[in-house]
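Geometric and topological summary
The primary structure of each chain is shown beneath.
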Amino acid sequence: MGTLSTTFTGLEFVNPFVLASAPPTESKRKILKAFEAGWGGVVTKTIGLHPVENVAGPKTIFQRSSEEKPYVSRTKRPDTVSHSSWNWELISDQALELWLPDLEEIKTTYPDRMLIASIMAGAGGEEEMNNWKKLATACVNVGCDALELNLSCPHMDRKDMGAHIANDEDIIRSILKAVTSVVSVPIWVKLTPATSTLVDAAGAAYEAGASSISLCNTFPSLPLMDPETLKFEVEVDGLVTSGGLGGLAILPQALQRVSDIHRAYPDKAISGIGGIRGFREAFNFIVHGAGNLQVCTAAMEEKGSGGVGVKLIQELTQDLSAYLDRKGYGSIEEFRGLARERIVEHSQVRRKSETYNGGFEVSAEAS
Ligand SMILES: Cc1cc2nc3c(=O)[nH]c(=O)nc-3n(C[C@H](O)[C@H](O)[C@H](O)COP(=O)(O)O)c2cc1C
């Protein structure tokens with residue numbers, strides 16, 4: 001019988017499925033419900049120190065497509081399937097002081113589940129580094145098992161925050177230096193997929209003490225405009241800004257980025273995120289090297305479960321368990337990284353004029 005439990009960044013997970021930093025993990029109530037439903041861990045909605053006020057309109061929309069009329073829209077139509085989420089929600093508007101007793105209670109209630117605090121501050125000098133230290137120390141002191149540093153929010157105006165700093169390896173190093181100087185729990189670093197220097201950014205983070213890279217945050221994107229009304233599908237007073245795309249639409253792009261990092265640093269940990277709706281997507285992240293899986297959009301879209309994916313976590317664990325048994329794997333570690341050798345340079349793929357030589361021998365041996 002295969003086991004669902006995994007050791008990831010030194011932490012014991014009862015199963016590798018984690019709710020990502022987002023509305024499903026925005027409150028004590030939701031996190032307790034998620035643990036009751038069976039999630040192996042949660043990354044809290046990102047906690048910061050600066051005041052947060054969201055836009056005067058919907059923060060998230062769910063875009064759907066259908067076979068009959070295959071355009072992407074949030075408009076309710078019969079027989080549609082999920083395409084993506086689009087959001088321009090800021091980080092948590094709950095203050096750190098209010099989060100701390102909640103985090104403590106959650107950890108005491110579910111000591112065997114992993115509680116990871118997502119935190120974010122700026123990078124514009126000593127004061128901001130002290131903010132990282134303050135957030136890190138406070139969350140660890142109340143029992144958080146790990147921290148996830150949000151270096152990836154796609155809709156920040158501040159140039160020293162979120163996705164803006166993902167291209168700057170010096171800033172990544174300074175933030176890790178600040179955080180690792182005050183806490184000794186595993187540090188996960190959540191990067192943005194929207195950079196051409198992702199592998200270097202991941203390398204800088206690992207080198208500076210990150211235990212894992214979490215990837216992907218949402219992809220910068222715009223909502224669609226209706227040709228008749230000339231309104232964006234989400235806007236406030238006719239205006240919109242770049243927001244983040246999540247859900248199924250980003251899956252193949254997220255896999256490519258996880259694979260890039262895994263091939264560059266095969267011994268390092270990666271938490272895979274982006275478009276996981278069930279076992280097949282989770283499986284694909286694992287074969288590209290992820291040892292932990294995070295889910296957001298699919299949990300939010302599940303009806304009747306308060307947006308924490310109650311049915312989803314049951315399906316994920318049942319389907320993974322059945323797969324391990326069917327294939328005779330002891331755990332996900334036995335097929336993690338299975339695809340690594342099969343992602344090659346374009347020039348290494350056989351040309352039409354070349355003879356078939358037996359191809360790549362598929363074996364169950366992985367990382
Ligand atoms: C409404 C919404 C809010 C989010 N807020 C955060 C956040 O505060 N911090 C963060 O690191 N990621 C945030 N995310 C990104 C998710 O954690 C996740 O990386 C992304 O949605 C991709 O996963 P998915 O395809 O399963 O949705 C948010 C996503 C959504 C849809």
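Residues numbered from 1 in each chain as written. Predicted model: local features only at pLDDT ≥ 70, side-chain atom pairs only at ≥ 80, totals over all residues.

1. A short note on the overall build of the protein chain
The condition that has to hold: Secondary structure is summarised from DSSP: a helix means a run of H or I of at least four residues, a strand means a run of E of at least two, and numbering begins at the N terminus for each. For a compact globule the rule gives 2.2 Å times the number of residues to the power 0.38, and the radius of gyration it is set against comes from C-alpha atoms. Comment: burial labels come from other C-beta atoms within 10 Å of the residue's own C-beta, placed from the backbone, where a count of 20 or more is buried, 12 or fewer is exposed, and between is partly exposed.
A tally of helices and strands in the protein chain yields nine helices and 14 strands. Relative to the compact-globule value of 21 Å for 367 residues, the protein chain shows a C-alpha radius of gyration of 20 Å, a close match. Projected onto the principal axes, the alpha-carbon positions of the protein chain cover approximately 65 × 55 × 40 Å. Out of the 367 residues belonging to the protein chain, those deemed buried represent 45%.

2. Structural notes on the nonpolar core
So the rule is basically this: Any set of buried Ala, Val, Leu, Ile, Met, Phe, Trp, Tyr and Cys residues joined through C-beta atoms within 7 Å is what this text calls a nonpolar core. What counts as a contact here is a pair of residues whose C-beta atoms, placed from the backbone, lie within 7 Å.
Counting 95 residues, the largest nonpolar core has Leu 19, Ile 116 and Leu 147 as its most contacted members. Take this core: its biggest share by element is six residues, from helix α4 (residues 169–180). Not counting residues up to four positions away in its chain, the partners in contact with Ile 116 are Gly 41, Val 42, Val 43, Cys 144, Asp 145, Ala 146, Leu 147, Glu 148 and Trp 188.

3. Some remarks on the sheet that holds strand β6 (residues 81–87)
Spelled out, the test is: For two strands to be treated as a pair, DSSP must find no fewer than two bridges joining them. All axes here are fitted lines through C-alpha atoms, helices being fitted over the stretch that makes contact, and every angle between N-to-C directions spans 0 to 180 degrees.
Ordered by their spatial adjacency, four strands build an open sheet running β5-β6-β12-β11, and the pairing between neighbours is antiparallel. Each edge of the open sheet carries a strand with a single partner, namely β5 (60–65) and β11 (219–221). Taken over all neighbouring pairs, the strand axes of this sheet differ in orientation by 35° on average, direction set aside. Summarising the sheet, β11 and strand β12 (residues 243–246) pair through three bridges and their orientation is antiparallel. When the sheet's bridge partners are listed, Pro 220 is paired in β12 with Gly 244.

4. Looking at the site of the ligand
Convention followed: For each residue, a C-beta position is placed from the backbone atoms; the residue is near a molecule or strand when that point lies within 6 Å of it. For this classification, the nonpolar set comprises Ala, Val, Leu, Ile, Met, Phe, Trp, Tyr, Cys and Pro, the charged set comprises Asp, Glu, Lys and Arg, and every other residue, Gly included, is treated as polar.
In the vicinity of the ligand there are 27 residues, among which Ala 20, Asn 87, Gly 246, Cys 296 and Thr 297 approach most closely. Broken down by secondary-structure element, the contributors of at least two residues to the shell around the ligand are β6 and α8 (297–301). Residue classes in the shell around the ligand are distributed as 10 nonpolar, 14 polar and three charged.

5. Observations regarding the sheet that holds strand β14 (residues 292–295)
The eight strands lie next to each other as β3-β4-β7-β8-β9-β10-β13-β14, forming a closed barrel whose pairing is parallel. The sheet shows a mean angle of 25° between the axes of neighbouring strands, direction not considered. Inspection of the sheet shows strand β7 (residues 114–119) paired to strand β8 (residues 146–151) by four bridges, in the parallel sense. Each residue of the ladder has a partner; that of Ile 119, found in β8, is Leu 149. Sitting on the sheet, α4 touches β8 and β9 (187–191), and the angle it makes with β8 is about 155°.

Purely geometric numbers; function is a separate question.
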